[in-house]
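Architecture at a glance
Each chain, written out:
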Amino acid sequence: PLVFLSIQKMKNQKKNYKSVGKHHSIIYFKYGENFYKHEKINDSVKMYTRAIEQYPPFANAYFQRALAWSVLKEWKKAKDDFTQVIKLNPSYGDAYYKRGHVLFIMNKRKEALADFERYFKYEKNKHKAQERKDFLKKYLAEHTKHKPRAKKGVLGIIIFKDSEINRGVKIK
């Protein structure tokens, strides 16, 4: 109620639309984070959506909503939101990494591996990147039906034939 009153007050003052929209989007975004934190995922999606409606170039709102869609197993919606994050901020490394996960689950292995490679290109924290690379190597090796024929990708990620990887398995 208090937030609603402040939003109404701002509307009544007829401030610059952009700054009001941006301010509203931050309020909705914070609500979304709070709902997500308390595992009220559907409510968080609604709040992130309202944040985006108020300020469409809000890349973090798209990113968080994509994470929420992932929890709800709404893979296409998650992929679309991660794609929007990348359009808004092409160097947002985590968006490539998370979209890669979604693509992997959607059985789009080549696209997923391309996104993982892009992630490694943009990730500035080399320690974090190495941890994720090690995880992906281990994960892909563990989730094959038999000893696959493999080749190394640009950054050393092993690329398997699509048919050699179990379908629909989630990665961290």
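Below: a short report on this structure. The structure displayed is predicted, hence computed values, not measured ones.

Quick look at the pattern of salt bridges now. Evaluation of the coordinates by the stated rule reveals nine salt bridges. Residue R99 pairs with D115 through a salt bridge whose shortest N-O separation is 2.5 Å. Pair noted here: R99 is in helix α6 (residues 93–105) and D115 is in helix α7 (residues 109–122), with a separation of 16 residues, a long-range link. A relative accessible area of 13% places R99 in the buried class. Residue D115 is classed as buried on the basis of its relative accessible area of 1%. A salt bridge links K128 to E123; its shortest N-O distance comes to 3.9 Å. Judged by its relative accessible area of 26%, K128 is partly exposed. What emerges from the salt-bridge pattern is a single network uniting D94, E123, K128 and R132.

Reading guide: rules and limits
- Residues numbered from 1 in each chain as written.
- Predicted model: local features only at pLDDT ≥ 70, side-chain atom pairs only at ≥ 80, totals over all residues.
- Heavy atoms only, no water.
- Salt bridge = Lys/Arg side-chain N within 4 Å of Asp/Glu carboxyl O.
- Helix = DSSP H or I, 4+ residues; strand = E, 2+ residues; numbered from the N terminus.
- Buried < 20%, exposed > 50% of the residue type's maximum accessible area, 1.4 Å probe, protein only.

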